[in-house]
Amino acid sequence: MVRYRTTLRHRRAEMLPVIEAKNESFTQPPGINPKITAEWLVAFLQDEITERRRIASAVVGLSGGVDSAVTAFLCARALGPQNVYAIRMPYKTSSPASLTDAKLVIDALGIQERTIDITAAVDGYLQFEQDADARRRGNIMARTRMVVLFDQSAKYDALPVGTGNKTERLLGYFTWHADDTPPVNPIGDLYKCQVWELARFLGVPRELIEKAPSADLQVDQTDEADLGITYAKADAILARMLDGYSNPQLVEHGFEQRDVDLVRRRLDGTHWKRHLPTTAMLTNTAINEFYLRPVDF
């Protein structure tokens, strides 16, 4: 088992080539070494939750999707299944299959579980905003789930653990101050295709790996339909963009112009969602601007 604090954090540049598998093709999404990645992330969770915060347990919003399933599997390895609380939070329009698929994870791991229907809470507010469109309604559902998750964390003296992957975060495909709110996220630096690869290694139930990814905020909603591009294409393009390739260079290397433009627009247009609130600096001790501990750099 690798040690995150002494080995992974301080030797990150040395370890990354081991974690990231070499691409066979320029236009293919990046791969990983799943064994080393799993060890890294388990050590990360142990360091961030038990050593730094002195907390023994974690709460995970278990949606029935592969991202939250992988997070639950990692938390169970890091903390022990008895110390992981899976919170299922359906809304009245949620797919019944989401609850069933989440139960597969609960049964496979033997973790604690709680199902809290958010319909009454969401509709209690929406009765005053009956003209709210689908986007607003989805945001309300996502933020309500975070209210539940953080309250359950207080109840169980546990830490909320995030489940958003790198692709969603780079494309801005999440609700601000909701999905990305938990203070610790083990899979936030994994592209969606890498999450699938890790899921297969960890033994996540096949049904969750093979199902179409969905935020499950509306009936028949899928991520790839919302985004207008497949995760495989988005992951490959994002990885190359982060390597510094320009749009024309990406097209020259075989990507379609439409896909490159779509990903670039989303990447550049959602940069604000990946930042803490901007603070007006009045002193030289402004938090997150000047006042940083060495670990914050």
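From a predicted model like this one, the values you see are computed outputs, not experimental measurements.

Conventions and cut-offs
Residues numbered from 1 in each chain as written. Predicted model: local features only at pLDDT ≥ 70, side-chain atom pairs only at ≥ 80, totals over all residues. Heavy atoms only, no water. Buried < 20%, exposed > 50% of the residue type's maximum accessible area, 1.4 Å probe, protein only. Helix = DSSP H or I, 4+ residues; strand = E, 2+ residues; numbered from the N terminus. Pairing = 2+ DSSP bridges. Right-handed = clockwise from strand over helix to strand, strands pointing away. Salt bridge = Lys/Arg side-chain N within 4 Å of Asp/Glu carboxyl O. Expected span 1.5 Å × (residues − 1). Core = buried A, V, L, I, M, F, W, Y, C linked by side-chain atoms within 4.5 Å. Axes fitted to C-alpha atoms, helices over the stretch in contact; angles between N-to-C directions. Parallel < 35°, antiparallel > 145°, perpendicular 65-115°, else oblique. Left-handed = near helix turned anticlockwise from the far one by under 90°. Contact = heavy atoms within 4.5 Å. Polar contact = N/O pair within 3.5 Å; in protein donor to acceptor, adjacent residues only side chain to side chain.

Things to note about the pairing of strand β4 (residues 84–88)
Moving on, step 1. When you tally the buried positions in β4, you get five out of five residues, the bulk of the element.
Moving on, step 2. Residues Val 84, Ala 86 and Arg 88 line one face of β4 and the alternating positions Tyr 85 and Ile 87 line the opposite face, and both faces are buried.
Moving on, step 3. Across four bridges, the pairing between strand β3 (residues 57–61) and β4 is parallel. Its bridge partner being in β4, Val 59 is matched across the sheet by Tyr 85.
Moving on, step 4. With helix α4 (residues 66–79) bridging β3 and its parallel neighbour β4, the resulting β-α-β unit is right-handed.
Moving on, step 5. Note: β4 against strand β5 (residues 112–115), four bridges, orientation parallel.

Some details on the pattern of salt bridges
Moving on, step 1. Enumeration according to the criterion identifies 16 salt bridges in this entry.
Moving on, step 2. In this structure, Arg 52 engages Asp 47 in a salt bridge whose closest nitrogen and oxygen atoms are separated by 2.9 Å.
Moving on, step 3. For Arg 52, a relative accessible area of 33% translates into the label partly exposed.
Moving on, step 4. When its relative accessible area of 1% is taken as the criterion, Asp 47 is described as buried.

Topic: α4
Moving on, step 1. With 14 residues, α4 ought to run about 20 Å at 1.5 Å a step, and its terminal C-alpha atoms sit 20 Å apart, in line with that.
Moving on, step 2. Most of α4 sits out of view: 13 of its 14 residues are buried.
Moving on, step 3. Directly after α4, the chain includes Gly 80, whose backbone phi takes a positive value near 95 degrees.

Concerning the nonpolar core
Moving on, step 1. Among the nonpolar cores identified, the biggest contains 63 residues, and Leu 45, Val 70, Leu 74 and Leu 198 are the most heavily contacted of them.
Moving on, step 2. Within the second largest apolar cluster, 18 residues are counted, among which are Val 59, Leu 126, Ala 142 and Ala 158.

Things to note about the packing of helix α12 (residues 231–242) against helix α14 (residues 257–269)
Moving on, step 1. At their nearest, the axes of α12 and α14 sit 10 Å apart, and the two run at 65 degrees to each other. Taken together, the axes of α12 and α14 lie roughly perpendicular to each other. Like other packed secondary-structure pairs, α12 and α14 cross with a definite hand, here right-handed. Contacts from Lys 233, Ala 234, Ile 237, Leu 238, Met 241 and Leu 242 in α12 reach Asp 259, Val 260, Val 263, Arg 264 and Leu 267 in α14.

Section: the sheet that holds β5
Each strand in a sheet pairs with its neighbour through backbone hydrogen bonds, running either in the same direction (parallel) or in the opposite one (antiparallel).
Moving on, step 1. Pairing is parallel in the open sheet, where four strands are placed in the order β5-β4-β3-β6. Single-partner strands in this sheet number two, and they are β5 and β6 (158–160). For this sheet the average axis-to-axis angle between neighbouring strands, irrespective of direction, equals 25 degrees.
Moving on, step 2. Against the sheet, α4 touches β3 and β4, its axis set at about 170 degrees to β3.
Moving on, step 3. In this fold helix α7 (residues 134–156) packs onto β3, β4, β5 and β6, with an angle of close to 160 degrees to the strand it touches most, β3.

Structural notes on the environment of Gln 194
Moving on, step 1. Within the secondary structure, Gln 194 sits in helix α9 (residues 192–202).
Moving on, step 2. Remark: the alpha-carbon pair of Gln 194 and Gly 31, spanning 163 residues in sequence, is separated by 5.9 Å.
Moving on, step 3. Residues within four places of Gln 194 in sequence aside, it is in contact with Pro 30, Gly 31, Ile 32 and Asp 189.
Moving on, step 4. For Gln 194, the side chain forms a polar contact with the main-chain oxygen of Gly 31, separated by 3.3 Å.

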